[in-house]
Amino acid sequence: MGSLKFHFSQLGFLQNLPKPHTRRSSVVTCGLRGGPRKPLWRKSVISSEAIQVVQSLKLAKSSTSRLQQVFSGRLSRLLKADLLDTLAELHRQNELDLALQVFQFVRKEEWYKPDLLLYCDMIQLLGKNKLIEMAEELFSELKKEGLQPNTRAFAEMIGAYVQVGMIEKAMETYELMKASRCAPDRLTFIILIRNLEKAGKEELAAMVKKECAEYVDSPEKFLEEVEQHQKTNHSILRENFQFLDCKS
C-alpha cells in the first residue's frame, strides 16, 4: 500500500463535499458511546446497505470523479450505524485508501465525537500496512482531539513499530505506556516478547518477561504459553520448508 497519496490533512475532494445531513438521534441507535464497542474488524454482521456502498466505493476508487459521486451520494445518505459498518467492512478487506477516506468522512459527521476505539482501529490498520508515519500522525491526532491513549492505543503503536523493525521506538512506546499509568496487557507482552526474541534482543526480552509478573496474572503459565506457541510456529515452518525441499 505504498501508493497512498494523501495524509490526514490532505484528502482532496473530501474537503469540498457538502456538509452531511443531520440525522435524527431517535432513528440512529448504534451504541457508539452508550457502552463498550468491539474493534471494527471483530464485527461479524453488517448491513446490506453498507455492503452495497462498499462495492460502489471499490468500483469507483480508480476514478476521483466517480469516487466523489459515491461519497456525496450513497455514502452521505447512510445512517450512522451503516456508515460505521461500511468502515468496518473496508477495514476487514484491508481497503486502506478507502478506509482512510471514509474515516475522515465519519469525523465530519454532525453526530461524531472523538472516539478512542475508532482511532485504535485505524492505527492497527496503518500498522498492518507498515505506514508507520501515518500511524504516528494519527496517534498524535487523537491527543489533539482531547483523547488520552489507553493500553490498546499504545499496544497498536508498539505493534506498528515492530512491523517495520523499529524495536527502539517500540520499547520507547512501551516505557511511555507505563509512565502514562496504562498497564501493559497480555497482547502487549506477546507482541514485545516474540519480536524482541526474533530480533535477537535477548536482554530486552528477558527484562520484559520479568515485568510480566507485575502486570499479568499467573505470569509463569502465560510465558509458557507464549514459548509453546513460538515452538509450534517454528515447527510448522520447518515442516513447510521440508515439504518444499521434497517437491524440488
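Preceding this paragraph is the structure being described.
Residues numbered from 1 in each chain as written. Predicted model: local features only at pLDDT ≥ 70, side-chain atom pairs only at ≥ 80, totals over all residues. Heavy atoms only, no water.

**Some remarks on the overall build of the protein**
Our working rule: Put simply, DSSP H or I for four residues or longer makes a helix, DSSP E for two residues or longer makes a strand, and each gets a number counted from the N terminus. In this scheme, a residue with accessible area under 20% of its type's maximum is buried, one over 50% is exposed, and one in between is partly exposed, where area comes from a 1.4 Å probe on protein chains only. Contacts were defined at the residue level, with two residues in contact if any of their heavy atoms lie within 4.5 Å.
Of the regular secondary structure elements, the protein holds eleven helices and zero strands. Each helix and strand of the protein, placed in order from N terminus to C terminus, yields the pattern α-α-α-α-α-α-α-α-α-α-α. A total of 248 residues make up the protein; the buried ones form 46% of that total. In the protein, once contacts between residues fewer than 6 apart in sequence are set aside, the share between residues at least 24 apart is 69%.

**A word on helix α3 (residues 80-92)**
Definition in use: Take the number of residues in a helix, subtract one, and multiply by 1.5 Å to get its expected span.
Taking 1.5 Å of rise per residue, 13 residues should cover 18 Å, and α3 covers 18 Å from first to last C-alpha, within 8% of that figure. Here α3 lies mainly inside the structure; eleven of its 13 residues are buried. Three or more residues of α3 are buried, namely Lys80, Asp82, Leu83, Leu84, Asp85, Thr86, Leu87, Ala88, Glu89, Leu90 and His91. For α3, the secondary structure elements touched by its buried residues are α1 (48-60), α4 (96-107) and α5 (116-128). One or two positions beyond α3, positive phi appears at Asn94, with a value near 60 degrees.

**Digging into the environment of Glu49**
Within the secondary structure layout, Glu49 lies in helix α1. The exposure class assigned to Glu49 is partly exposed, which follows from its relative accessible area of 39%. Glu49 sits 25 residues away from Arg74 along the chain, and the two C-alpha atoms are 9.2 Å apart.

**Focus on the packing of aromatic side chains**
Threshold: Any Phe, Tyr or Trp ring, taking Trp's six-membered ring, that has another such ring centre within 6.5 Å forms a pair; planes under 30 degrees apart are called stacked, those over 60 apart edge-to-face, and the others tilted.
Counting across every chain of the model gives five aromatic pairs. Relative to Phe189, the ring of Tyr174 has its centre 6.2 Å away and its plane inclined at 70 degrees; by these criteria the two rings are edge-to-face. One end of the pair, Tyr174, is in helix α8 (residues 167-179); the other, Phe189, is in helix α9 (residues 186-198), with 15 residues separating them in the sequence. Since its relative accessible area comes to 0%, Phe189 is described here as buried.

**Some points on the pattern of salt bridges**
For clarity, the threshold we go by: Criterion for a salt bridge: a side-chain nitrogen of Lys or Arg within 4 Å of a carboxyl oxygen of Asp or Glu.
Under the definition given, this model contains eleven salt bridges. Here Asp121 makes a salt bridge to Arg152, at a shortest N to O gap of 3.0 Å. Pair noted here: Asp121 is in helix α5 and Arg152 is in helix α7 (residues 151-163), with a separation of 31 residues, a long-range link. Residue classification places Asp121 among the buried residues on the basis of a relative accessible area of 0%. Residues joined by salt bridges that share partners form a network here, namely Arg107, Glu141 and Glu145.

**Comments concerning the packing of α5 against helix α6 (residues 132-144)**
Our working definition: All axes are obtained by fitting lines to C-alpha atoms, using only the stretch in contact for helices, and the reported angles, taken between N-to-C directions, cover 0 to 180 degrees. In these notes the angle categories are as follows: under 35 degrees is roughly parallel, over 145 is roughly antiparallel, 65 to 115 is roughly perpendicular, and the rest is oblique. Under the scheme applied here, ten amino acids are nonpolar (Ala, Val, Leu, Ile, Met, Phe, Trp, Tyr, Cys and Pro), four are charged (Asp, Glu, Lys and Arg), and all others, including Gly, are polar.
Two numbers describe how α5 lies on α6: the axes approach to 9 Å, and their chain directions differ by 170 degrees. Relative to α6, α5 is oriented roughly antiparallel. From α5, Leu116, Tyr119, Met122, Ile123 and Leu126 reach across to α6, where they touch Met134, Ala135, Leu138, Phe139, Glu141 and Leu142. Of the residues belonging to the contact of α5 with α6, the class tally is ten nonpolar, no polar and one charged.

**Examining the side chain of Thr151**
Along the chain, Thr151 turns up in helix α7. In this structure Thr151 comes out as buried when scored by relative accessible area, which is 19%. Leaving out residues up to four positions away in the same chain, Thr151 has contacts with Met177, Cys182, Ala183, Pro184, Asp185 and Thr188.

**Thoughts on the environment of Ile46**
In this structure, Ile46 sits in the segment before α1. Here Ile46 falls in the buried class, since its relative accessible area comes to 17%. Along the chain, Ile46 and Asp82 lie 36 residues apart, while their C-alpha atoms are 7.7 Å from each other. Setting aside anything within four residues of it in sequence, one finds Ile46 in contact with Ile51, Asp85 and Glu89.

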